[in-house]
Amino acid sequence: MSARVLDGKAVAAAVKSEVAEAVAGLGYSPGLATVLVGDDPASHAYVRGKRRDAEQVGMTSIHHELPATASQGEVAGLVADLNSDDDVDGVLVQLPLPGDLDSEAIVEGIDPRKDVDGLHPFNLGLLTLGRQGLRPCTPSGVLRILDHYEIPTNGQTAVIVGRSFLVGRPLGLLLSAKGADATVTVAHSRTNDLAAVTSKADILVAAAGVIGMITPEHVKPGATVIDVGINRTDQGLVGDVDYEAVADIAGAITPVPGGVGPMTRAMLLSNTLTAAESRRR
Ligand code: GUN
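Keep in mind the model is a prediction, meaning the values are calculated, not measured. (Residues numbered from 1 in each chain as written. Predicted model: local features only at pLDDT ≥ 70, side-chain atom pairs only at ≥ 80, totals over all residues. Heavy atoms only, no water.)

(A) Examining the overall build of the protein chain more closely. When helices and strands are tallied, the protein chain shows 10 helices and 11 strands. The C-alpha radius of gyration of the protein chain comes to 19 Å, within 12% of the 19 Å expected for a compact globule of 281 residues. Referenced to the eigenvectors of the C-alpha coordinate spread, the extents of the protein chain come out at roughly 50 × 40 × 35 Å. The proportion of buried residues among the 281 residues of the protein chain is 47%. Partitioning the intrachain contacts of the protein chain with sequence separation of at least 6 by distance along the chain shows that 72% fall at a separation of at least 24. On the protein chain, roughly 12,800 Å² of surface is accessible, and the fraction owed to carbon and sulfur atoms is 50%. For the protein chain, the distance from the average site of its 23 positive side-chain charges to the average site of its 34 negative ones is 4 Å. (Helix = DSSP H or I, 4+ residues; strand = E, 2+ residues; numbered from the N terminus. Rg over C-alpha atoms; globule rule 2.2 N^0.38 Å. Buried < 20%, exposed > 50% of the residue type's maximum accessible area, 1.4 Å probe, protein only. Contact = heavy atoms within 4.5 Å. Areas by Shrake-Rupley, 256 points an atom, 1.4 Å probe, with all protein chains shown as cover. Lys, Arg positive; Asp, Glu negative; His and termini not counted. Charge placed at Lys NZ, Arg CZ, Asp CG, Glu CD.)

(B) Structural context of the pairing of strand 8 (residues 224-227). Judged by which residues are buried, strand 8 turns out to be covered on both faces: T224 and I226 on one side and V225 and D227 on the other are all buried. Taken together, the four bridges between strand 7 (residues 203-206) and strand 8 define a ladder with parallel strand orientation. Looking at strand 8, one finds that L204 is bridged to V225. Taken together, the two bridges between strand 8 and strand 11 (residues 252-253) define a ladder with parallel strand orientation. Considered in strand 11, the bridge of T224 is made with A252. (Pairing = 2+ DSSP bridges.)

Below you can see the structure in the form of structure tokens.
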């Protein structure tokens with residue numbers, strides 16, 4: 001193991017204390033509404049963590065649960081109520097939604113000013129245009145880790161494996177935006193000779209949701225490897241990177257757990273603060 005370990009827990013703690021300090025100076029408590037539909041244990045665990053984080057930084061957690069049998073109209077109606085509730089600054093609908101519920105339509109129903117997940121087409125459009133808006137949490141968490149450890153992106157070759165709307169696509173936009181200035185390739189399950197592509201990367205981001213898919217042959221010696229994979233197994237959480245083997249040749253690496261995961265939660269708080277400040281200005 002020679003790689004520097006990028007400690008997402010420590011960076012997330014720094015973000016949380018910045019947010020707590022800003023919240024203390026607001027004179028009100030920003031409200032973060034969470035909507036949880038159904039009884040998926042992983043989703044329940046995620047939302048519990050987000051609510052706890054919100055309260056730790058002085059925000060108010062407003063939580064709603066609906067049964068897995070809830071109709072599209074019921075979920076949309078709840079989101080509409082939260083949109084018009086003045087005490088609510090951020091609305092987060094935990095994904096995936098169960099059954100036949102149309103997640104895209106639900107997310108599109110969130111007021112873009114309260115879209116603290118940054119997943120509304122309006123906010124993704126602003127990101128595409130390089131304009132200010134609420135950014136998706138996991139991609140902005142990845143940028144924040146790189147920034148914290150002073151890993152340069154300017155002029156660097158970044159390869160992202162995975163093209164999801166939650167991570168891969170928006171991260172490609174953020175890394176190639178003015179200011180970050182990386183040269184970005186978004187690879188995916190149909191990429192020919194993946195290792196030939198990823199082994200060119202100065203910064204390699206694994207966000208495919210496939211356990212251990214990134215092995216030493218995919219990694220340029222000295223590269224920064226960011227593992228976004230959160231795969232639940234009987235042995236606990238594991239990432240998309242074969243950590244032990246890759247840590248021998250990478251220059252820096254994020255662990256799972258304790259890497260990108262805590263950053264996603266921290267950036268949600270940062271977005272909720274931003275949403276409160278701009279809406280209540
Ligand atoms: N499910 C997995 N990741 C996320 C996320 O970042 N936001 C929401 N709302 N649901 C998720």
